[in-house]
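Fold and geometry: a report
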Amino acid sequence: MGCGKSTVGKLLVKEGWSRGDTDEWVRSRILFEREVVEAARTLFGAAAIRADGSIDRSHVGHLVFSDPALLERWESVIHPRVRAYTSSWAKENQDQPRVVEIPLLFEKGLEKGFDFIVCVASSSETQYVRLMERGVSRALAEQRITKQLPLALKIQSSHFVIWNDGSLGFLSEQVAHLSRHLLGRA
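Note that the structure is a prediction, hence the values are computed from the model and not measured.

This brings us to the nonpolar core. Among the nonpolar cores identified, the biggest contains 20 residues, and Val-36, Phe-44, Ile-55, Trp-74 and Ile-78 are the most heavily contacted of them. Secondary-structure elements contributing two or more residues to this core are helix 3 (34-44), helix 4 (57-64) and helix 5 (68-92). Setting aside its immediate chain neighbours within four residues, Trp-74 contacts Leu-31, Val-36, Ala-39, Ala-40, Leu-43, Phe-44, Ile-55, Val-60 and Val-64.

Right under this line is the structure:
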């Protein structure tokens, strides 16, 4: 969160990769599925559903990040759908190199089934600054980041690491180098 995985994903698209974004699939598709809306109503009550029938993500987020058991129940609704979207997307894009952005990859045991894992990392201060620039309070950022696996363990568990504390130009150079390496063009 706040390290730049989406920026790296977009840069890989410029290098010819197809990009899947699991957060985007959740926001734009999964949360609108009738069964998911009904599960939200059951788990969180009517206050979790807006007047237009959509899920109030802010309300749900506040509830699940303060109750680990509730978070686990909500994830049991969302994660199987994310896996299904990922599998379907990978099959549709099998003729080109693919990258999938998956927050909490290691925390949820989703790292199996991929050829390699790239960790996008930055210093914690850079991470917090970026999140606050997006309107996330420091307290909320800390609450969510502390529920994640420590960055050092993610780095250790990854095949490649891109360090994102510098300029966009330097990040672009790292991504281009990694892309050439992974595609056997280095």
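Quick look at the environment of Leu-12 now. Along the chain, the position of Leu-12 falls in helix 1 (residues 5-14). Exposure remark for Leu-12: the relative accessible area of 7% places this residue in the buried category. Those residues in contact with Leu-12, other than ones at most four positions away along the chain, are Trp-17, Val-99, Val-175 and Ser-179.

Right, let's talk about the packing of aromatic side chains for a bit. Applying the stated criterion across every chain, the model contains five aromatic pairs. Summarising the aromatic geometry, the rings of Phe-44 and Trp-74 are spaced 5.1 Å apart at their centres and angled 70° between planes, so their arrangement reads as edge-to-face. Here the residue Phe-44 occupies a position in helix 3, and Trp-74 occupies one in helix 5, the gap between them amounting to 30 residues. As far as burial versus exposure is concerned, Phe-44 and Trp-74 are alike and both buried. Positioned above the aromatic ring of Tyr-128, the side-chain terminus of Arg-138 is 4.0 Å from the ring centre.

Before going further, it helps to examine unusual backbone geometry. The phi dihedral of Leu-104 is positive, around 60°, even though this residue is not glycine. Position of Leu-104 relative to the elements: it lies in the loop between strand 2 (98-101) and strand 3 (118-121).

The tally for this structure, following the rule as stated, stands at 12 salt bridges. In this structure, Asp-21 engages Arg-19 in a salt bridge whose closest nitrogen and oxygen atoms are separated by 3.2 Å. We classify Arg-19 as partly exposed; its relative accessible area is 26%. We note a salt bridge from Glu-111 to Lys-112, for which the minimum N-O separation is 3.7 Å. Classification of Lys-112 as exposed rests on a relative accessible area of 64%. Ionic contacts of the salt-bridge type, sharing partners, join the residues Arg-19, Asp-21 and Glu-101 into one network.

Here the focus is the packing of helix 6 (residues 124-133) against helix 7 (residues 138-145). What describes two packed helices is the angle between their axes and the distance between those same axes. At a closest axis distance of 9 Å, the pairing of helix 6 and helix 7 adopts a crossing angle of 125°. It follows from the interaxial angle that helix 6 and helix 7 lie oblique. Judged by the sense of rotation from one axis to the other, the crossing of helix 6 with helix 7 is right-handed. Taken together, the residues of helix 7 that come into contact with helix 6 (itself represented by Glu-125, Gln-127, Tyr-128, Leu-131 and Met-132) are Arg-138, Ala-141, Glu-142 and Ile-145. The class makeup of the residues in the contact of helix 6 with helix 7 is five nonpolar, one polar and three charged.

The rules behind the values
Residues numbered from 1 in each chain as written. Predicted model: local features only at pLDDT ≥ 70, side-chain atom pairs only at ≥ 80, totals over all residues. Heavy atoms only, no water. Core = buried A, V, L, I, M, F, W, Y, C linked by side-chain atoms within 4.5 Å. Buried < 20%, exposed > 50% of the residue type's maximum accessible area, 1.4 Å probe, protein only. Helix = DSSP H or I, 4+ residues; strand = E, 2+ residues; numbered from the N terminus. Contact = heavy atoms within 4.5 Å. Phe/Tyr/Trp six-rings, centres within 6.5 Å; stacked < 30°, edge-to-face > 60°. Lys NZ or Arg CZ within 6 Å of the ring centre and 35° of its normal. Salt bridge = Lys/Arg side-chain N within 4 Å of Asp/Glu carboxyl O. Axes fitted to C-alpha atoms, helices over the stretch in contact; angles between N-to-C directions. Parallel < 35°, antiparallel > 145°, perpendicular 65-115°, else oblique. Left-handed = near helix turned anticlockwise from the far one by under 90°. Nonpolar A, V, L, I, M, F, W, Y, C, P; charged D, E, K, R; others polar.

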